Amino acid sequence: MTRIRTKIGRRSFIRTSAAAGGGLMLGFTWLGSCKDKTAAEVMQMPKEWFNINGFLKIGDNGLVTIMSPNPEIGQNVKTAMPMIVAEELDIDWKDVLVEQAPLNTDIFTRQIAGGSQSIRQGWEGLRMAGATARQMLKTAAAEAWQVPVEEIETDGGVLTHKESGNKAGYGDFAAAAALIEVPETVELKKTSGFKIIGTDRRNVDGKKIVTGAPQFGLDLKEEGMLIAMIIHPPAFGMTYASMDAKKAKAMPGIKDVFPIEVYPEGSEKQWSDGGGIDKLVAIVGETTWQCMQAKKQVEVQWEKSSQLEDSAYHDKALTELLDKPTEAPARKDGDVNKAFARAAKVVERTYSAPFLAHNTMEPMNFFAHVTPEKAILNGPIQTPEFLEKTLVSVLGMPPEQIDIQMTRMGGGFGRRLYGHFGVEAAVISKKMQAPIKLVYTREDDMTQGTYRPAYKVRYKAGLDDNGRLIAWSVKGVGTNDDLVFENRFPAGAVDHYLAEKASLNSNVTTGAWRAPRSNFIAGAEQSFMDEVAELAGKDPFDFRLELFERAIADPVGDPEKNDYDAKRFIEVLKLARDRSGWEQGNKAARGVSAYYCHNSYVAQVLDLHMEDNKPVVDKVWCAVDCGIVINPLSAKNQIEGGIVDGLGHATYSQMTFKEGKPEQANFDTYHLVRHSEAPKEIATFFVDNGIDPTGLGEPSLPPVSGALANAMYRATGQRFYDQPFVVNMPLKG
């Protein structure tokens, strides 16, 4: 077993008797890594702690309530995180109740849904929480039965002492356990002894979801609540000037129409306020429909504040930036220019991708009730702690007067990292002196901004007479983003390697979009990798495997710089190759891709055929190394969702602009993937290596566009460099 410390840092456990029933109520600081330096299975102590917190209650009837601190955006952490606690607590899953914790910066930290890090950073701390409660229960039983605590066994919420024949449920000793001193160290289970982790568990909110029970922000209703909507500038580069709202104010149910300054002068923004617009027009009424109709009657005058950028401008500016020399490379191994000069074969290709909207099923919304004494907010947000920090500044209130609750989210994908809509709701409520629910229409949401940046990347590769890769260069540019991960594959596997990047300043607001940067560059890299493999006369699997073997046997430069493990890459590649029957399959319309991001490894094989000049994906085989899989059922759902999402956006979706105005405002002009366009079958396989869990919500999306492009090439004989592929389908002949 692994022994970990429970008391590290300025906060540890809080023990109290539950107010009702005399049970155990245990608040605890979940530390992302807390192994005891004196333990047999010692790990290097980290330089800093990843603080993740939680709370559990054990009732006198044996039921256990586990608070889930992180926001739930469909990644199912509300099920997975409590599963980890329940495993180490050694409780039967049927006796577990799960509740969404509110924002509480005194008890909880890192209440964030982003970067696929919830499970990875919470792994040891979540286990420690359950193991500590179990140890305290064992100690209470040992004292009552006058036996050594080491002889107490637990199983499914039952304490047993075999020699004396004593047996009791957790509920019988919950109150006594509340008086036990929190142990300095506890032992964790061996992974081979897991009973809950690694088994399929249904979503704890599943029944509520399928029966339509209210749990999303848009479902929220409060006594006396009004509805608010906003009007934002119609184009990027325009700001509010004045308005005429006489007609709108006279309409039935409309309470007021007014301009709002969301971020008053002197207020301090957080990074999570990116994309927020300083001045908007607010419409407040009794119903959503009344506000929607009143919006049409408000005459707003806007003034130009900066350049009105269009899609032609973005394309030209990114190309110019790509052609412009950079001041210093992000990474340089060897001398690529000399290597290219002596190479037997050289290939250079440029890839591009458009802006993308997030298009969550549930548009942005938030409830707020701000009074002089307190601000109560509730809604779908990925970064509640940062929203609180902004509200402290904007409202001029201390954090203890701000109460932020979290609803389940109807999608996030990075969009709800940016909580300006929560700030807007609070400012409108303060102005109206009433509880309000701010609701964005689909058009508000899609045209407001915070898009996935538009990108371009240029690759160049050189081969020697034997088809060996001797030189590789990559240069990436993006709007408000520099795109390239300089230390990812094939860095460290090529003698001469150069990585460059640059960012184009744009007034089109951008932000994180599912698997930031990776969502485009993975597909471009893997598509180019196939083209280089073909030029070398090698099988695409063999070509990649040779490079990874090189990174292991004879790495270029400092191997510590590389942010990937070549051995784990090889394992997922071989698993995808074997499970897909690559050697026996029809390679005429089959593509492969592999990528590392969010600390996980994914390899995919994709089969398709073409109908009416469009790809029809028949099957995707996906091999994943994300370490220990907590909930296989949920894990497969995440993998499948990422694949469908990645295919749809790479094939059909884009945001374009004319004089700064978005040309797509709803799904009649923005093509989201349809059910009929999804893969007919997805087969997912996980590497079973016992390594601590890593990211899972995002890693399956990035590589799939590369597998798609490679399969489309084999089906059509034409390469695909510009997303979306169907919109930019090369002309035949």
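Residues numbered from 1 in each chain as written. Predicted model: local features only at pLDDT ≥ 70, side-chain atom pairs only at ≥ 80, totals over all residues. Heavy atoms only, no water.

Details of the overall build of the protein chain
So, point 1. For the protein chain, the helix and strand inventory stands at 16 helices and 30 strands.
So, point 2. Against the 2.2 N^0.38 benchmark of 27 Å for 733 residues, the protein chain shows a C-alpha radius of gyration of 28 Å, consistent with a compact globule.
So, point 3. Along the three orthogonal principal directions, the C-alpha set of the protein chain runs to about 85 × 75 × 45 Å.
So, point 4. If you take every contact in the protein chain between residues at least 6 apart in sequence, the share linking residues at least 24 apart comes to 77%.
So, point 5. Across the protein chain, 84 positive and 96 negative side-chain charges occur, with their mean positions spaced 1 Å apart. (Helix = DSSP H or I, 4+ residues; strand = E, 2+ residues; numbered from the N terminus. Rg over C-alpha atoms; globule rule 2.2 N^0.38 Å. Contact = heavy atoms within 4.5 Å. Lys, Arg positive; Asp, Glu negative; His and termini not counted. Charge placed at Lys NZ, Arg CZ, Asp CG, Glu CD.)

Concerning the sheet that holds strand E27 (residues 614–625)
Strand pairing within a sheet occurs via backbone hydrogen bonds; the two strands may be parallel or antiparallel.
So, point 1. On the basis of which strands lie adjacent, the open sheet formed by 4 strands has the order E25-E26-E27-E30 and mixed pairing. Because the sheet does not close on itself, it has two edges, and the strands there are strand E25 (590–597) and strand E30 (682–686). Strand-to-strand twist across the sheet, computed as the mean angle between neighbouring axes with direction ignored, equals 20°.
So, point 2. Two strands pair when backbone bridges link them, and strand E26 (residues 600–611) and E27 are joined in this way by 11 bridges, in the antiparallel orientation. Considered in E27, the bridge of Gln604 is made with Cys622.
So, point 3. Running over the sheet, helix H15 (residues 632–651) touches E26, E27 and E30 and is turned about 130° from E30. (Pairing = 2+ DSSP bridges. Axes fitted to C-alpha atoms, helices over the stretch in contact; angles between N-to-C directions.)

A few points about the side chain of Gln526
So, point 1. Turning to its location among the elements, Gln526 is positioned in helix H12 (residues 518–536).
So, point 2. Ignoring anything within four residues of it in the chain, the contact list for Gln526 reads Phe489, Arg544, Ser593, Ala594, Gly706 and Asn710.

Describing the packing of helix H1 (residues 77–89) against helix H2 (residues 118–145)
So, point 1. Their axes nearest at 6 Å, the elements H1 and H2 cross at an angle of 35°. Helix-helix and strand crossings are classified by hand; for H1 and H2 the assignment is right-handed. When H1 is examined against H2, the residues Val77, Ala80, Met81, Ile84, Val85, Glu88 and Leu89 are found in contact with a partner set consisting of Ser118, Ile119, Trp123, Leu126, Arg127, Gly130, Ala131, Ala133, Arg134 and Leu137.
So, point 2. Broken down by class, the residue content of the contact of H1 with H2 amounts to 12 nonpolar, 2 polar and 3 charged. (Left-handed = near helix turned anticlockwise from the far one by under 90°. Nonpolar A, V, L, I, M, F, W, Y, C, P; charged D, E, K, R; others polar.)

A few points about helix H16 (residues 701–716)
So, point 1. Spanning 16 residues, H16 covers 23 Å between terminal C-alpha atoms, matching the ideal 22 Å at 1.5 Å per step.
So, point 2. Most of H16 is tucked away: 13 of the 16 residues are buried.
So, point 3. Just downstream of H16 lies Gly717, where phi reads positive at about 80°. (Expected span 1.5 Å × (residues − 1). Buried < 20%, exposed > 50% of the residue type's maximum accessible area, 1.4 Å probe, protein only.)

Some thoughts on the packing of aromatic side chains
So, point 1. Summed over the entire model, instances satisfying the criterion amount to 27 aromatic pairs.
So, point 2. Geometrically, the ring pair formed by Trp123 and Phe194 is edge-to-face, given 6.3 Å between the ring centres and 85° between the ring planes. Taken together, the residues Trp123 in helix H2 and Phe194 in the loop between strand E10 (185–188) and helix H4 (206–211) connect sequence positions 71 residues apart.
So, point 3. Since its relative accessible area comes to 2%, Trp123 is described here as buried. (Phe/Tyr/Trp six-rings, centres within 6.5 Å; stacked < 30°, edge-to-face > 60°.)

Section: the pairing of E26
So, point 1. Burial runs high along E26: 9 of the 12 residues are buried.
So, point 2. Bridge count between E25 and E26: 8 bridges; the pairing is antiparallel. Bridge pairing links Ser593 to Gln604 in E26.

Here's the deal with the side chain of Ser118
So, point 1. For Ser118, the position within the fold is in helix H2.
So, point 2. On the basis of relative accessibility, which here comes to 6%, the residue Ser118 falls in the buried class.

Structural notes on the pattern of salt bridges
So, point 1. The full count for this structure, using the stated rule, is 39 salt bridges.
So, point 2. Between Asp205 and Arg408 there is a salt bridge; the shortest N-O distance is 2.9 Å. In this pair, Asp205 sits in the loop between E10 and H4 while Arg408 sits in the loop between strand E20 (402–406) and helix H10 (420–432), placing the two residues 203 residues apart along the sequence.
So, point 3. Looking at Asp205, the relative accessible area reads 3%, which means it is buried.
So, point 4. Across the pair Asp563 and Arg488 runs a salt bridge whose closest N-O atoms are separated by 3.3 Å. Highlighted residues: Asp563 in the loop between helix H13 (540–553) and helix H14 (566–580) and Arg488 in the loop between strand E23 (469–479) and strand E24 (496–504), separated in sequence by 75 residues.
So, point 5. Among the charged side chains, a network of salt bridges with common partners joins Glu87, Asp90, Asp155, Lys189 and Lys195. (Salt bridge = Lys/Arg side-chain N within 4 Å of Asp/Glu carboxyl O.)

Let's talk about the sheet that holds strand E7 (residues 153–155)
So, point 1. Taken in spatial order, the 3 strands make up an open sheet running E7-E8-E9, and their pairing is antiparallel. Each of the sheet's edge strands pairs with one partner strand only, and the pair in question is E7 and strand E9 (166–169). Averaged over all adjacent pairs, the angle separating strand axes in this sheet is 20°, with direction ignored.
So, point 2. Bridging between strand E8 (residues 158–161) and E9 involves 4 bridges; their strand directions are antiparallel. Bridge pairing links His161 to Asn166 in E9.
So, point 3. Most of the contacts of H2 go to E8, to which it runs at about 45°, and overall it touches E7, E8 and E9.
So, point 4. Most of the contacts of helix H3 (residues 170–177) go to E9, to which it runs at about 80°, and overall it touches E7, E8 and E9.

Digging into the environment of Ala434
So, point 1. Along the chain, Ala434 falls in the loop between H10 and strand E21 (436–439).
So, point 2. C-alpha of Ala434 to C-alpha of Thr371: the two residues are 63 residues apart in sequence and 8.0 Å apart in space.

Here we look at the confidence of the model for the protein chain
If pLDDT is low for a region, its predicted coordinates should not be looked at in detail.
So, point 1. For the protein chain, mean pLDDT is 91; residues scoring 70 or higher make up 92% of the total.
So, point 2. Confidence drops under a pLDDT of 50 for residues 8–13, and excluding neighbours within four residues, the segment shows 19 contacts in the predicted structure.
So, point 3. Contacts of residues 30–53 to residues separated by more than four positions or lying in other chains number 72 contacts, the stretch itself having pLDDT below 50. (pLDDT = per-residue confidence, 0-100.)

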